[in-house]
Amino acid sequence: MSKKVFPQKKAVTKIQAVIIAVIIVVAVVLGWFLIKPPAPAEEKVGVFAWVGSDVWVFWDPGETFSNEISILNSVYEGLTHWDSVSKTVKPLLATSWSVSEDVMHWTFHLREGVKFHCGHKFNASTVKYSIERNIEGGKGASYIWACVDNIEILDEYTVRFNLQYPAPLDVIACAGYCSHPYCPICTEEHGHDWFYEGHDLGTGPYYVEKYDKAEELVVLRKFDDYWGGWTGKEFDKVLMYAIPAASTVRMMLENGEVFLVDHLPFEMVKDMEKNPKIRIQTAPSWQNMFGLLNTQEPSPLSNKLLRKAISYAVPYEVCCSEIRYGYATQSHGIIPAGILGHSDTLPQYNYNLTKARELLAQAGYPDGEDLEPLVLTYNAGDEDERKFAEIYKAELAKIGVTLDIKAMTWTAQMAKAAGPPEERQDIFLFYWWPDYPDPYSWMLSMFHSVAPEDIVFECAYYDNPYYDDLIDEAYKVTGIDPAKAQEMYEEAQRILIEDAAALFIYDWTYVRPMRVELKGYIDNPAYPNAFNLYDMYWEEK
Amino acid sequence: MGVKHYIIRRLLLLIPIFFIVSLITFVVVRVVPADPLILWVGPHATAEQINRARIELGLDKPLYEQYYRYIVGIFHGNLGISFITHRPVSTDIMTFLPASLELVTTAMIIGLVVGLPLGVISAKRKDKIEDHSSRLMAIGGVSLPTFWIGMLLQLLFFKYIGILPVCGRLSWAVKVSYPITHITGFYLIDSLITGNWVAFQDAAAHTILPALTLALYPIGLVVRMTRTCMLEVLGEDYIRAARAYGIPEKVVTYTYALKNAITPSLTTLVLSFGYSLTGAFLVELIFNWPGLGWYASKATIGMDYTAIVGVTLLITLFYVLANLVVDVIQAYLDPRIVLK
């Protein structure tokens, strides 16, 4: 009986397959090792990272409003600049300025010989065009120019701002957002969308060479015609990455692939303090966290004694040490140190549960009886806010108060706060920082009375006409009489503290992990998280 | 003729599916009490700016009118503007989709190439050391969190051994000195067909860790699925008959048994493809891979409804097409299945 042989498909024999496989493997391996990686560039390259995503959103200089200043403050320049060491306004694109006695007319003398990155000349007409375009657009932080009535060109390098009401225009011109002159000719030629493709028209030391939207990489190159000149130490090219995973950025920093990171979780920072290749640089900031307390009915916190009681239940020192690992200080009022209006003499609530219980009883809720749970909202994903909420919940429980913590998306948190009074939260955890070096935005944006349909950040729903008049007046006198403005802002804060309109929790300290070889980095609280690229350089040990 | 009709009918079904999915997604996202305008206008915007933006973007109109405008926009190829990125959603999708497709396809190929043989070996060597090892690997791949595996691989291959890059699709030096000409958006393919070997090498090196991390789940899936099906098929009478005829064991296993056991594995793999496009966001986050998953998760957190609806429609398309492909493949592999 013959053995039946079943057909087998043999398009490729075993030997052929092995030969092909060997050829492929050899080719890949040879190719891998023979192809040389690109030779390192001769130029000095600085590599920086931002932990996060969607960092550079508002590219039009008339719309800037957020973290894009991390790079755009090295691309654009304002008329004036805030000096964080002397705590005064310094010249930048304006060399000098003067103000009329009624603080209604500001005259700026502009720097000559300045060029935009496109090659066009900077002069008075470019200032007028840029600021007027910003005001007309009404986007981003352009409202900082709300006081401006019109802008006059006195000569090619002199410009006068006529105001609708007195305002500190030299300080406003310092702003990190929407304050920078840009080329009118190219703006008209290219239009708004062109900026969003990753182009710029500034006068700063660096210009945008490339913006990779997908990988969130911005490449900046030094502007050879920069009016400030170059010493040769600065970076020729700067790469700025936005990377969402902190653990990845940490590895890159420790391996030397990144020179400086905007921030890392404090646990990582503490761990890296032992690494000799890493320097942890700290600096005071103008960013602070507080809990806005709902001062209106039907919230139980409309009872001032209850607001005071829960203010005494915040373990302020523990919050600074446990949440921010010591990189924070308890707030004195609402305005942080280093800016007009701050005072260390302002009263502070301290952690005192005995006092809290007394006030609770006086408020009509002995041991928290009959008190509905208080609703606290915070931005989901914010670890600091979450930790605070949990610590605070435990402390309030000790005095018989129940805290209902609601982690919400930022958009939902804001929508709830602006909703009908019976649906609003009782406590709104929140951060603030100024748009320009002036305390008015803290006092105005959260505590000035507004119509219900206009509520945005006024989530304490505070309504005090005397307070409103006081801060409005303080803003007006800032330009001519800062001492008087200081007094008025202090008084306004005393009112807020006495009324316990908010939990004044802590002011941040900036914590920047960087390679020890990186020199020249300075935090300027007026420009939160802006990297001063022009001052930085690399110095081997 | 039948298959052609079947495919056309399935594709036509896409229209009502798209309509229903867009309606449900749009309504669900818009009735959630959240105001995406807060993202649009920036962190310290005034009430006036918010109200102006509301009118500009048509969000002051009734919901049904907003939906109507959105649908009309889709017919004009306009998926709206993202509230987070301030760019057209279609542009964002075209930016992030190729990266996701490249990563997921690579991971699926790895899943198939590694998973199938392991599954077969596991079935052939049932309850032996090979079977236990592959079971351990499969269960590990399916159950271990991807972010943990990803970070572990980064520590090992970047920090300690230092042979692979930690994140991104290309190193900056290559990006600047050897830019890839965009043809398909797949860096590996584009660099290959343009002969840009340096970029290919760099792109391949950048793909290894994220693709391996993402492949662990499909590997586990395919191993277990193949093993189960192979054990079932190997016990069938026709396999016994084939062996009795003296047909070589390799032919029995790989030609007769595997052909019948492979269908469920393929189905699972293809269906998990659509899921992985957006479900890979943790891998994308850790490896800074600019993919659709990370984009979609940010949109969801921020209630960026134009981006959410846009991505949902895209994923719907992928699911429908993947199902169709699976049906056609099944019909091809199994003559008993007739597509009507």
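Residues numbered from 1 in each chain as written. Chains lettered and ligands numbered in written order. Predicted model: local features only at pLDDT ≥ 70, side-chain atom pairs only at ≥ 80, totals over all residues. Heavy atoms only, no water.

1. Thoughts on the confidence of the model for chain B
Convention followed: The predictor reports its confidence for every residue as pLDDT, a score running from 0 up to 100.
With 99% of its residues at a pLDDT of 70 or more, chain B has an overall mean of 87. Among the prediction metrics, the complex's ipTM stands at 0.78, with pTM recorded as 0.83.

2. Let's talk about the sheet that holds strand S7 (residues 158-163) of chain A
All names here are of chain A. Inclusion rule: When DSSP finds two or more bridges between two strands, those strands count as paired. Helix numbering and strand numbering both begin at the N terminus, where a helix is a DSSP run of H or I of at least 4 residues and a strand a DSSP run of E of at least 2. Lines fitted to C-alpha atoms define the axes here, with helix axes fitted over just the stretch in contact, and angles between the N-to-C directions of these axes take values from 0 to 180 degrees. Contacts: residue pairs with any heavy atoms within 4.5 Å of one another.
Ordered in space as S4-S5-S7-S6, the four strands form an open sheet in which the pairing is antiparallel. Lying at the two open borders of the sheet, with one neighbouring strand each, are strand S4 (94-99) and strand S6 (148-155). Shown here is a sheet whose adjacent strand axes are inclined to one another by a mean of 20°, direction ignored. Judged from the five bridges that link them, strand S5 (residues 105-110) and S7 form a sheet pairing that is antiparallel. Note that in S7 the partner of Phe108 across the bridge is Val159. Strands S5, S6 and S7 of the sheet are contacted by helix H3 (residues 124-137), whose axis makes an angle of about 165° with S6.

3. Observations regarding the packing of helix H6 (residues 89-124) of chain B against helix H16 (residues 305-333) of chain B
Residue and element names in this part refer to chain B. What counts, and what does not: The scheme is simple: roughly parallel for angles under 35 degrees, roughly antiparallel for over 145, roughly perpendicular for 65 to 115, oblique for anything else. Note on convention: near helix rotated counterclockwise from far helix by under a right angle means a left-handed crossing. Clockwise means right-handed.
For the pair H6 and H16, the least separation of the axes is 11 Å and the interaxial angle reads 45°. When the axis of H6 is compared with that of H16, the two are oblique. In terms of crossing hand, the pair formed by H6 and H16 is right-handed. Counted together, Val89, Ile93, Leu97 and Leu101 of H6 and Thr306, Ala307, Gly310, Val311, Leu314 and Phe318 of H16 form the full contact between these two elements.

4. Focus: empty space enclosed by the protein
Regions of empty space are outlined by a rolling probe, equal in size to a water molecule, passed over the atoms. To keep things clear, this is the line we draw: Space inside and on the surface of the protein is sampled on a 1 Å grid over the protein atoms alone, with a cavity defined as a set of points where a 1.4 Å probe fits but cannot get out and a pocket as an open set with protein on both sides within 12 Å along at least 5 of 7 lines; lining residues have an atom within 4 Å of a point. Grid points are joined across faces, edges and corners, and a volume is the space filled by probe spheres set on the points. Just so you know the grouping, Ala, Val, Leu, Ile, Met, Phe, Trp, Tyr, Cys and Pro go in nonpolar, Asp, Glu, Lys and Arg go in charged, and all remaining residues, Gly too, go in polar.
Tallied over the full model, the rule gives four cavities of 30 Å³ or more. Here the largest cavity is characterised by a volume of approximately 190 Å³. Lining of the largest cavity is provided by 23 residues; of these, Asp54, Lys213 and Glu216 of chain A together with Phe96 and Lys298 of chain B occupy positions nearest its centre. Ranked by residue count, the leading element in the lining of the largest cavity is helix H15 (residues 292-302) of chain B, at three residues. Class assignment for the residues of the lining of the largest cavity results in 13 nonpolar, four polar and six charged. Its boundaries defined by the atoms lining it, the second largest cavity holds a volume of some 40 Å³. Together, Tyr316, Gln330, Ser331, Gly333, Pro347, Gln348, Tyr349, Ile497 and Phe504 of chain A line the second largest cavity. Grouping the amino acids of the lining of the second largest cavity by side-chain chemistry returns five nonpolar, four polar and no charged.

5. Section: helix H15 (residues 465-477) of chain A
Residues and elements named next belong to chain A. Going by this rule: Helix span is expected to be 1.5 Å times the residue number reduced by one. Accessible area is worked out with a 1.4 Å probe on protein chains only. A residue is then buried under 20% of its type maximum, exposed over 50%, and partly exposed in between. Residues adjacent in sequence count toward polar contacts only when both atoms are side-chain atoms; beyond that, a polar contact is any pair of N or O atoms within 3.5 Å, and within protein one must be able to donate a hydrogen and the other to accept it.
With 13 residues, H15 ought to run about 18 Å at 1.5 Å a step, and its terminal C-alpha atoms sit 19 Å apart, in line with that. Along H15, the residues classified as buried are Tyr467, Asp468, Leu470, Ile471, Ala474, Tyr475 and Val477. Looking at the buried positions of H15, the neighbouring elements they touch are helix H4 (169-172), helix H14 (440-447) and helix H16 (482-498). Among the residues of H15, the N-terminal cap falls to Asn464, whose side-chain oxygen and the backbone nitrogen of Tyr466 are separated by 3.1 Å.

6. Considerations on the pairing of strand S15 (residues 403-408) of chain A
Residue and element names in this part refer to chain A. Which entries qualify depends on this criterion: A crossover counts as right-handed when, viewed with the strands pointing away from the observer, the path leading from the first strand over the helix to the second turns clockwise.
In this structure, strand S14 (residues 374-379) lies alongside S15, joined through six bridges in parallel fashion. When the bridges of S15 are listed, Tyr378 appears paired with Ala407. Remark: the S14/helix H12 (residues 383-398)/S15 crossover connection has right-handed handedness.

7. Remarks on a negative patch on the surface
Residues and elements named next belong to chain A. Operational definition: Only residues whose relative accessible area exceeds 30% and that form no salt bridge are eligible for patches; like-charged ones are grouped when within 9 Å, while nonpolar side chains (Val, Leu, Ile, Met, Phe, Trp, Tyr) are grouped when within 5 Å. Accessible surface is estimated by sampling points in the Shrake-Rupley manner with a 1.4 Å probe; for residues, cover comes only from the protein chains shown. Salt bridges are defined by distance alone: a side-chain nitrogen of Lys or Arg within 4 Å of a carboxyl oxygen of Asp or Glu. A positive count includes Lys and Arg, and a negative count includes Asp and Glu. His and the chain ends are not counted in either. Think of each charge as sitting on NZ of Lys, CZ of Arg, CG of Asp or CD of Glu.
Together, Asp367, Glu369, Asp370 and Glu372 make up a region of like negative charge exposed at the surface. Mapped onto the elements of the fold, Glu372 is located in the loop between helix H11 (353-362) and S14. Given the relative accessible area of 57%, Glu372 is considered exposed.

8. Side note on the environment of Tyr440 of chain A
Residues and elements named next belong to chain A. Here Tyr440 is to be found in helix H14. By relative accessible area, Tyr440 is classed as buried at 12%. For the pair Tyr440 and Ile335, spaced 105 residues apart in sequence, the C-alpha separation works out to 9.4 Å. The residues contacting Tyr440, other than those within four sequence positions of it, are Ser445, Ile471, Asp472, Tyr475 and Tyr489. Here the side chain of Tyr440 touches Asp472 through a polar contact of 2.7 Å, side chain to side chain.

9. Some remarks on the pattern of salt bridges
Pairing is possible between side chains that carry opposite charge, provided their charged atoms lie close to one another. All chains considered together, the criterion is met by 42 salt bridges over all chains. Salt-bridge contacts for Asp237 of chain B lead to Arg240 of chain B; the nearest nitrogen and oxygen are separated by 3.2 Å. In this pair, Asp237 of chain B and Arg240 of chain B both sit in helix H12 (residues 237-244), three residues apart, roughly one turn of the helix. Each member of the pair, Asp237 of chain B together with Arg240 of chain B, is exposed. Each of Arg250, Glu254, Asp271 and Lys274 of chain A together with Lys159 of chain B takes part in one network of salt bridges that share partners.

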